[in-house]
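One letter stands for each residue in the lines below.
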Number of protein chains: 2
Amino acid sequence: MLYLIGLGLGDATDITVKGLQAVKSCSRVYLEAYTSILTVGKEALEEYYGKQLILADRDLVEQGADEILKDADVTDVAFLVVGDPFGATTHSDLVLRAVHAGIPYRVIHNASIMNAVGCCGLQLYNFGETVSVVFWTETWRPESFYDKICKNRAAGLHTLCLLDIKVKEQSIENMMRGKKIYEPPRFMTVSQAADQLIQIVQRRRREEEEGELGVTEDTVCVGLARLGADDQIIRTGTLRQLVSCDLGGPLHSLVVTARLHPLEVDMLRVNAEPDALQHLRVIDSSTFTS
Amino acid sequence: MLYLIGLGLGDATDITVKGLQAVKSCSRVYLEAYTSILTVGKEALEEYYGKQLILADRDLVEQGADEILKDADVTDVAFLVVGDPFGATTHSDLVLRAVHAGIPYRVIHNASIMNAVGCCGLQLYNFGETVSVVFWTETWRPESFYDKICKNRAAGLHTLCLLDIKVKEQSIENMMRGKKIYEPPRFMTVSQAADQLIQIVQRRRREEEEGELGVTEDTVCVGLARLGADDQIIRTGTLRQLVSCDLGGPLHSLVVTARLHPLEVDMLRVNAEPDALQHLRVIDSSTFTS
C-alpha cells in the first residue's frame with residue numbers, strides 16, 4: 001500500500017492520529033521536501049515518529065518514482081507531504097504510477113494553506129482562483145498572476161497568493177557546468193510579494209487607465225506567516241503597509257481582498273494595521289449572497 | 001483559552017495529535033453538530049477521547065455563545081468542528097465574541113472538503129468559487145448556484161458544490177405551533193444534486209439559447225461520498241450518469257468540471273464510468289497555465 005499522508009501546517013504534532021499510525025506501520029517513509037516546509041525539520045519529525053525518513057527532493061519524485069514505489073505491493077510505504085497531499089501541489093503523477101503498477105494507495109488528508117487561510121476571517125466561499133507569485137529575475141518578470149487577481153476582484157472574490165519557494169536550486173553557472181552545487185533555500189516574504197505587486201500596479205498605471213477593480217497601493221491585503229504554528233502571524237494592511245512589514249521566518253502567503261462582508265471586516269479588524277480598514281470595500285450585508 | 005479544533009473528515013482518528021492533546025486538556029468540550037458530520041457519532045468520539053461531549057446545535061452556537069465561552073478566560077474550552085473550523089462554515093461569530101470578551105483563542109486546523117476534494121485528481125488551483133446546492137421545496141427552487149457554475153466554467157474553473165444538510169429542522173407546522181419537534185436529518189445525495197442541476201439545464205434550454213460554456217446532461221462531473229473515510233467513493237461520470245448513481249450514506253459532494261489538464265483526465269479515468277470521458281473538454285497541455 002502506498003500511503004500519501006498530509007502533515008498539516010505547523011510542527012510534528014499536526015499529523016493526524018490516523019496518519020501517525022500509518023507512518024509507524026510503514027517499512028519506508030519518504031518526506032517530500034521541495035514544495036513546502038513545516039516549522040520543524042526532518043530530524044524533529046524522525047524523533048517524533050521514531051522512524052528514519054528518506055528525503056524526497058524533486059529529482060527523486062519526478063525521476064525516481066519507481067524507487068519510491070518499489071515493493072509497495074507487498075509492503076507499506078508512506079509519502080509524507082506538508083499540508084495536504086493534494087493541496088497546492090498535487091502528486092498525481094506518483095498516484096498514477098502506483099495505479100498502473102497495481103499498487104493500492106490511500107490518502108490521509110490534513111489541513112493545507114488552501115483551507116487554513118480561512119482563519120484570517122475571510123470566508124473560503126468568497127475566494128476565486130488561487131495564484132502563485134514567483135521570484136522575479138532580471139530577465140523574467142511574469143505578471144499573469146496580477147490579471148487573475150483583478151479577474152477575481154471583478155467577480156467579488158478574494159485571491160490567495162502562494163509565494164515562491166526555491167529549494168535545492170542550482171545557479172545557471174553550476175547547472176551548465178554540471179555541478180551539483182545548490183543555492184541556499186529561499187522563501188518569498190509577504191513584503192517581497194507586496195513589493196512585486198506594487199511594481200506591477202505602478203507600471204500598468206503609467207501605461208494604461210486604471211480599472212475600477214484593479215489593485216492599488218491602498219488595496220487591503222492580508223499577510224500570513226507560519227499559519228498553524230504557535231508563532232503564526234496574521235497581519236491585515238494596505239498593500240503599501242505590507243511592503244514594510246516583517247513577519248519573520250517562512251512560510252508566508254498573501255491574500256488580496258475583494259469586496260467584504262461586514263463579518264469579514266470585523267474579523268480582519270482583529271489583526272489590522274492602523275488606518276488600513278478605511279480602505280475596505282465593504283458591502284451592504286443585505287445585498288450579500290454567499 | 002478557546003480552542004477551535006478541526007476533526008477532519010472520516011472518523012475519530014482523523015483528529016490531529018495536537019488537537020487530541022488539546023481536547024484531553026479542556027474542561028468542557030463542545031461538538032458542533034449541524035453543519036457537517038463524520039462517519040461516526042458523538043458516542044464513538046466520546047469513547048475515543050475519554051471525555052463527555054456537549055452537542056452544540058445551531059441554537060446553542062448562535063444564541064448560547066455566552067454559555068460556550070463561560071469561564072474560558074480561566075479554563076480551557078474546546079469547540080470541535082467537522083472538517084476545519086474555518087472551512088465551509090466559519091465560526092467567526094464565536095471567535096469575535098471571544099476576542100471582545102478578552103478570551104484568547106487558538107485554531108487547530110484540519111482537512112476539510114474545501115481542500116480534500118483535490119484527491120479526485122482535479123487540481124485545487126483550477127477551482128473557482130464554491131457553491132451550495134440546497135434542497136428545493138415546492139415554492140423555493142433557487143438557481144443562483146447554476147449561474148456561478150457557468151461563470152466558473154467560462155473562466156476554465158471547476159466548481160465544488162456543497163450539498164445541503166438539514167439537521168434538527170422543524171416543519172413549518174411545528175414551528176408555528178412552537179413545538180420543538182424536529183424532522184429526521186436529511187443529507188442531499190449526488191444523485192439528487194445532479195437531478196436538480198439537470199432540471200435547471202432543461203428549463204433554461206426551453207427558455208433561451210444554450211451558451212457554449214453552459215452545463216449539459218453530458219458535462220463531466222465527479223461525485224464524492226464520505227471523503228476521507230475507509231469506504232469513500234469517488235465516481236466520475238456525466239451529469240446524466242450521476243443522476244442514477246447510488247454512492248451510499250452521507251456526506252456527499254459534487255464537482256462540475258471545466259476544461260481539463262491531461263493529468264487531471266488521467267486521474268479522473270481511475271474512477272470513471274464507461275463512456276463518461278468522451279465528453280471531457282481536454283485542453284492542450286502546451287497552452288495550459290496554472
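Residues numbered from 1 in each chain as written. Chains lettered and ligands numbered in written order. Predicted model: local features only at pLDDT ≥ 70, side-chain atom pairs only at ≥ 80, totals over all residues. Heavy atoms only, no water.

A word on the overall build of chain A. Within chain A one finds eleven helices and twelve strands. A sequence separation of at least 24 residues applies to 71% of the contacts in chain A between residues at least 6 apart. Looking at charge distribution, chain A has the averaged site of its 29 positive side-chain charges lying 2 Å from that of its 40 negative ones. (Helix = DSSP H or I, 4+ residues; strand = E, 2+ residues; numbered from the N terminus. Contact = heavy atoms within 4.5 Å. Lys, Arg positive; Asp, Glu negative; His and termini not counted. Charge placed at Lys NZ, Arg CZ, Asp CG, Glu CD.)

Let us now look at the packing of aromatic side chains. Each aromatic ring pair is described using two quantities: the centre-to-centre distance and the angle formed by the ring planes. Applying the stated rule across the entire model yields two aromatic pairs over all chains. Ring centres of Tyr48 of chain A and Tyr49 of chain A lie 6.2 Å apart, and the angle between their planes is 65°; on these two criteria the pair is classed as edge-to-face. Its guanidinium or amino end placed over the ring of Tyr182 of chain B, Lys168 of chain B lies 5.1 Å from that ring's centre, counting from NZ or CZ. Sitting above the plane of the Phe135 of chain B ring, Arg186 of chain B keeps its charged end 4.2 Å from the centroid. (Phe/Tyr/Trp six-rings, centres within 6.5 Å; stacked < 30°, edge-to-face > 60°. Lys NZ or Arg CZ within 6 Å of the ring centre and 35° of its normal.)

The next subject is the relation of the copies chain B and chain A. Least-squares fitting of chain B to chain A yields an RMSD of 0.0 Å, with the superposition described by an axial translation of 0.0 Å and a rotation of 180°. Those values place the two copies in the arrangement expected of a two-fold rotation axis. Interface residue correspondence from chain B to chain A reaches 100%, placing this contact among same-surface, isologous pairings. (Least-squares fit on C-alpha atoms with pLDDT ≥ 70 in both.)

Residue and element names in this part refer to chain A. Ordered in space as β6-β7-β12-β10-β11, the five strands form an open sheet in which the pairing is mixed. Two strands bound the open sheet, and with one partner strand each, they are β6 (131–133) and β11 (233–238). The average undirected angle you get between the axes of adjacent strands in this sheet is 25°. With five bridges joining them, strand β10 (residues 220–225) and strand β12 (residues 252–256) adopt antiparallel strand pairing. Along β12, the bridge assignment pairs Leu224 with Ser253. Contacting β6, β7 (159–163), β10 and β12, helix α9 (residues 190–207) crosses the sheet at an angle of about 40° to β12. (Pairing = 2+ DSSP bridges. Axes fitted to C-alpha atoms, helices over the stretch in contact; angles between N-to-C directions.)

This paragraph deals with the domain arrangement of chain A. Residue and element names in this part refer to chain A. According to the domain assignment, chain A contains domain 1 (2–111) and domain 2 (114–289). If you average the C-alpha positions of domain 1 and of domain 2, the two centres end up 28 Å apart. The interface of domain 1 with domain 2 comprises 13 residues on the first partner and 14 residues on the second. The junction of domain 1 with domain 2 conceals about 980 Å² of combined surface from both sides, 64% of it contributed by carbon and sulfur atoms. At the junction of domain 1 with domain 2, the criterion picks out one salt bridge. In this structure, Lys168 and Asp57 form a salt bridge, with 2.1 Å as the shortest nitrogen-oxygen distance. At the junction of domain 1 with domain 2, the criterion picks out one residue pair in polar contact (both at pLDDT 80 or more). Residue classes in the side of domain 1 that touches domain 2 are distributed as six nonpolar, five polar and two charged. (Domains from an automatic or database assignment. Buried area = accessible area lost by both parts, 1.4 Å probe. Salt bridge = Lys/Arg side-chain N within 4 Å of Asp/Glu carboxyl O. Polar contact = N/O pair within 3.5 Å; in protein donor to acceptor, adjacent residues only side chain to side chain. Nonpolar A, V, L, I, M, F, W, Y, C, P; charged D, E, K, R; others polar.)

Moving on to the interface of chain B and chain A. Counting from both sides, the interface comprises 50 residues of chain B and, opposite them, 50 residues of chain A. Each partner contributes to the roughly 4,400 Å² buried at the junction of chain B and chain A, and carbon and sulfur atoms together form 58% of this total. Where chain B packs against chain A, one counts six salt bridges. The closest approach of N and O atoms between Asp14 of chain A and Lys18 of chain B, which form a salt bridge, is 2.8 Å. Remark: the boundary between chain B and chain A carries 16 residue pairs in polar contact (both at pLDDT 80 or more). When residues of the side of chain B that touches chain A are traced back to their parent elements, those giving at least two are α1 (17–25), α5 (92–100), α6 (113–116), α7 (144–154) and α11 (262–269) of chain B.

For the coordinates displayed, the defined rule picks out zero disulfides over all chains. Cys26 of chain A takes part in no disulfide bond, and the closest cysteine sulfur to it belongs to Cys119 of chain B, at a distance of 18 Å. This cysteine, Cys150 of chain B, is not joined by any disulfide, and Cys161 of chain B carries the nearest cysteine sulfur, 11 Å off. The class for Cys150 of chain B is buried, based on a relative accessible area of 17%. (Disulfide = S-S within 2.5 Å. Buried < 20%, exposed > 50% of the residue type's maximum accessible area, 1.4 Å probe, protein only.)

Looking at α5 of chain B, one finds that the buried residues are Ser92, Leu94, Val95, Leu96 and Ala98 of chain B. Contacts made by the buried residues of α5 of chain B are with α11 (262–269) of chain A together with β1 (2–6), α4 (65–69), β4 (77–81) and β5 (105–108) of chain B.

Residues and elements named next belong to chain B. Burial of strand β10 (residues 220–225) is extensive: six of the six residues sit out of reach of the surface. Burial along β10 is two-sided: the face carrying Val220, Val222 and Leu224 and the face carrying Cys221, Gly223 and Ala225 are both buried. Pairing of β10 with strand β11 (residues 233–238), which is carried by six bridges, proceeds in the antiparallel orientation. In the sheet register, Leu224 faces β11, and the bridge partner there is Ile234.

The full count for this structure, using the stated rule, is four cavities of 30 Å³ or more. For the largest cavity, the calculated volume is near 250 Å³. As for the largest cavity, its lining consists of 15 residues, and the residues nearest its centre are Met114, Phe127 and Thr130 of chain A together with Met114 and Thr130 of chain B. Per-class residue counts for the lining of the largest cavity are ten nonpolar, four polar and one charged. (1 Å grid on protein atoms, 1.4 Å probe; cavity = no way out; pocket = protein on both sides within 12 Å on 5 of 7 lines; lining within 4 Å. Points joined across faces, edges and corners; volume = space filled by probe spheres on them.)

Right, let's get into unusual backbone geometry. Omega for the peptide link from Pro250 of chain A to Leu251 of chain A comes to -5°, which places this bond in the cis form. A positive phi is found at Lys168 of chain A, a non-glycine position, where the angle reads about 55°. Mapped onto the elements of the fold, Lys168 of chain A is located in the loop between β8 (165–166) and α8 (172–176). For Arg226 of chain B, which is not glycine, the phi torsion reads 50° and is therefore positive. Locating Arg226 of chain B in the fold gives a position in the loop between β10 and β11.

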